[in-house]
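A structural walkthrough
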Amino acid sequence: MDNQVEEIKQKLNIVDVIGKYLPLKKRGRHFIACCPFHNEKTPSFTVSPELQIFKCFGCGKAGDVFTFLQEREHIDFKDALEELAKMAGITLIKNPQSEAVESKEKRLITLNEEVIKFYQYILLTHPLGKTALQYVLYRGITLSTLRLFRLGFSPQNPAIIVNYLFKKGFTSAELIASGTFGVSAYGSKSLYDRFTGRLIFPLSDYRSRVLGFSGRILPSSPNPNLAKYINTPETEIYHKSHLLFGLNLAKESIRDTQSVIITEGEFDMISPYQAGITNIVAIKGTAFTVEQLQLLKRYTDTLILALDSDFAGNAAAHRSIELADSMGFDINVLVLENYKDPDEAVRTDLAYFKSRLANTLPVWDFIINTTVATYGIDSIKSKKQILSIVLPFLVKITNSVIRGDYYRTLSNLIGSDIDSVHEEAQKYIHPPALSIKPITTSPVTTDTYLARLEKQFLTYIFGAKKPVSLAARLSKHLQSLTDHRSMLIAKLLLSVPDFQPADFQQQLEEEIRPYFQEIYLEATNSDIDSQSRLREIKKIASQIGIYNLKNKIKELSQKIAQQETSYSQDDSLSGLETEYNQLLQQLARLQTKKV
Ligand SMILES: [Zn+2]
C-alpha cells in the first residue's frame, strides 16, 4: 500500500488538487492563498510544487496532498486514499482481510441506499404514502426540502420491501445485519420491518452515506401507544453516539458561520434549515457525546444550544455542558420563551427566531437566570436551592477568570457576599471525572535556543539564489552545527553539486524531511535582499559562536574547579587555565565585533 501512496503522490500535483478547493496565486516559487483552516485576510497558506507540500504560516497546518484532503474534507486517511486514487486513476490493491470488512460495510451502505430509495418512492409517489406525505406537508416541509433530506415512508406491508431487496440480490442475513429488519420471535420465517408505518428520516454521516434511520409514528397511527420515534439499533456501521443529524448538509455553513445550532430532533433541525438557517444539526436527545463534539470541533468552537427549555434541569444535559466546556467550546443558549421548540418558533415567527439567534446567552448566564426565575430569592431556603443547582455547574468552568465573574454575578443576584458563595462552592469541587485535552492545531516546539538559531541559519542559506555556493563559503559554520537534523541537512547541502529541492528532499532520511520542508518553505517565503541576508547570516553565526563558546567556558570552569579540589598533582591544571583564558579572550572579541 505504501507503494500505492507514492504512486498516487507522483501522479497528482498538489497544486492541482488544492487548486480545486482554493484559488491559488503564483508567488515566486510557490502558490499562495488565504488559509482554509483559519480566518485570515492576507494569505499565509503556501503550496510548494517543488516539494509537493503545503504549509500555513498563520496557523501552522502543514502536510502533503493526503493531509490536505483529510483536513479539508474531514475524512480519515483511508477515505482520502480512495478519493485521491480515484483522482489519479489508480486502482487500489487491498489485503483480503480489510477488504472483507470493508466490503461488508459497503454492502450495508448500499443496502441502506436501496432501502431509502424505496421509502422515498413510497412517500413521494405511491398511494401507500399519501397520509404520510400529507402529514409532512402539513408540518410545513416543502417538497424540495423533503427531497433534500430524503424523507420516506415505510408501508404497512413489509413483504413489498423485503422482496424488492431480495430481487436486488441482498440476503436475509444482510437485511438483518442492517438493523432495519428482524425475524419475528414467534418462529415465522418472514422478516419484519422495524419502521413499518413510520415516516423515515435517513441518518447519514458527514459524507452523506446513509448509516441508519429514524422513524416517526404518524398521528393517524392505529396504535398510538408506540414510541413516537425509534432508531436503527447499533450495527456495524450505525453508532448513535457518533452521528449528528443534518451534518452532511450543514457542515459548510457551520464552517462559514463559525457556529453550530444544536437542536434535539429532526423537525427542529429541518425547519430552520428550510428557512435559511443552515448551520444547524440535531443530536436526537438532550445530551451530546464526546464523539459528536469531536466531530463538531473540526468545524467550529461555538455551540448554540437550542434544546428544550427545561434542558438545564436534566442531569445528562449537565454532563454534556461540562464536557463541551472541558473541550474548549464556547457554549451559548438560544432562548425561545414563547415557543416550545425551534420548529414551532420558526414556523410561527421566523423574525422572532432570528432576533433570538442574534441575542444568545452564555450558558452560565442562562443557568443562573432560569434557576433564579424558578425558585425566587425571597427565602433562605430558595437561595440555598439556587446555590445547590447552580454551583455544581460554575465550579466546573475551566477558565478561572470567567468562573470568578460568575461567582460575583451569583452573589449579587441572591444578595449574599462573595466569600460565602466561594465557601459554598468548595462543597462541589471534586476531582474532574473527565479530562479531555483540547485539540491543539500546531505542534508545541520544544527546540532549544541553539537548535532554533541553527535552523534560522539554514533558513537564510536556503533562501539564497545559490544555496550551494553560499554554503561552501560558510562550510566552517555549517560543519559545526549541533542539532542532529540541521547537521544532516548541512552535510547534504555541502555535498551536492546543485540544489534541487525535490531531489534534495529525497536524499534526506524520512524523519528529517518535515524539518527540511519547514526550513525550505520559510526560506523561500521571505524576500529580503542579498545584502541583508548576508548580514543576518553573519549575525546568527556569531550568536551561535558566542553560545558555543559560553558553553565551553562553563564546562572548562567546572573542570578547573574539580581539579583544584582534587589536589591531583599534575600540570593539566595550568593547561586548562591557559585554555580558559584564551576562550575568554575569544568571547570578548566576538561580543565586541560589529555585525
Ligand atoms: Zn492557517
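Above: the structure in question.
What you are looking at is a predicted structure, and each value in this text was computed from that prediction instead of being measured.

1. Examining the sheet that holds strand β9 (residues 198-204)
As summarised here, the arrangement of the 4 strands in space is β6-β9-β10-β11, forming an open sheet in which the pairing is antiparallel. The strands lining the two open edges of the sheet, one partner per strand, are β6 (152-153) and β11 (229-231). The pairing of strand β10 (residues 210-217) with β11 spans 3 bridges and is antiparallel. Counted as the bridge partner of R216 is Y229 from β11.

2. Topic: the pairing of β10
Of all 8 residues in β10, 8 are buried; the element is thus mostly enclosed. Hairpin connection between β9 and β10: a loop of 5 residues separates the two successive antiparallel strands, and S208 in this loop has a positive phi of roughly 70°.

3. Quick look at the packing of helix α20 (residues 449-462) against helix α23 (residues 484-495)
With their axes 10 Å apart at the nearest point, α20 and α23 run at an angle of 25° to one another. The pairing of α20 with α23 is recorded here as roughly parallel in orientation. Once α20 is placed against α23, the crossing between them reads as left-handed. Here E454, K455, L458, I461 and F462 of α20 lie close against α23, whose contacting residues are S486, I489, A490 and L493. For the contact of α20 with α23, the class distribution of residues is 6 nonpolar, 1 polar and 2 charged.

4. With respect to the packing of aromatic side chains
Following the criterion strictly, the structure yields 29 aromatic pairs and no others. Relative to F68, the ring of F45 has its centre 6.2 Å away and its plane inclined at 55°; by these criteria the two rings are tilted. Placement of F45 in strand β3 (residues 45-48) and of F68 in helix α3 (residues 65-73) is noted, with a sequence separation of 23 residues between them. The buried category is assigned to F68, whose relative accessible area is 0%. A centroid spacing of 6.1 Å and a plane angle of 75° characterise the contact between F195 and F213, whose relative ring orientation is edge-to-face.

5. Let's talk about the nonpolar core
Membership of the largest hydrophobic core comes to 75 residues, with the highest contact counts inside it found for I8, F45, I262 and L303. With near-sequence residues (within four places) excluded, I262 lies in contact with V281, I283, F288, L296, L303, I304, L305, A306 and L307. With 55 residues, the next largest nonpolar core counts Y135, V162, L218 and Y339 among its residues.

6. A word on a negative patch on the surface
Residues E6, E509, E510 and E511 make up a contiguous surface patch of negative charge. If you trace the backbone, E509 turns up in the loop between α24 (501-507) and α25 (513-525). With relative accessibility at 40%, the residue E509 sits in the partly exposed group.

7. Overview of the coordination of the zinc ion
Bound to the zinc ion on the protein side are C35 (SG), H38 (ND1), C56 (SG) and C59 (SG), at distances that span 2.1 to 2.3 Å. In primary-sequence terms, the residues that donate to the zinc ion follow C-x2-H-x17-C-x2-C. Taken as a pair, H38 in the loop between β2 (30-33) and β3 and C59 in the loop between β4 (53-56) and β5 (62-63) lie far apart in primary sequence, 21 residues in all. The exposure class assigned to C59 is buried, which follows from its relative accessible area of 14%.

8. A word on the pairing of β9
A large share of β9 lies buried, amounting to 7 of its 7 residues. Both β9 and β10 contribute to a ladder of 7 bridges, which runs antiparallel. Counterpart to L199 in the pairing with β10 is R216.

Cut-off values and rules
- Residues numbered from 1 in each chain as written.
- Predicted model: local features only at pLDDT ≥ 70, side-chain atom pairs only at ≥ 80, totals over all residues.
- Heavy atoms only, no water.
- Pairing = 2+ DSSP bridges.
- Helix = DSSP H or I, 4+ residues; strand = E, 2+ residues; numbered from the N terminus.
- Buried < 20%, exposed > 50% of the residue type's maximum accessible area, 1.4 Å probe, protein only.
- Axes fitted to C-alpha atoms, helices over the stretch in contact; angles between N-to-C directions.
- Parallel < 35°, antiparallel > 145°, perpendicular 65-115°, else oblique.
- Left-handed = near helix turned anticlockwise from the far one by under 90°.
- Contact = heavy atoms within 4.5 Å.
- Nonpolar A, V, L, I, M, F, W, Y, C, P; charged D, E, K, R; others polar.
- Phe/Tyr/Trp six-rings, centres within 6.5 Å; stacked < 30°, edge-to-face > 60°.
- Core = buried A, V, L, I, M, F, W, Y, C linked by side-chain atoms within 4.5 Å.
- Patch = residues over 30% accessible without salt bridge, like charges linked within 9 Å, V, L, I, M, F, W, Y side chains within 5 Å.
- Areas by Shrake-Rupley, 256 points an atom, 1.4 Å probe, with all protein chains shown as cover.
- Salt bridge = Lys/Arg side-chain N within 4 Å of Asp/Glu carboxyl O.
- Lys, Arg positive; Asp, Glu negative; His and termini not counted.
- Charge placed at Lys NZ, Arg CZ, Asp CG, Glu CD.
- Donors = N, O, S within 2.8 Å, 3.2 Å for Na, K, Ca; no water.

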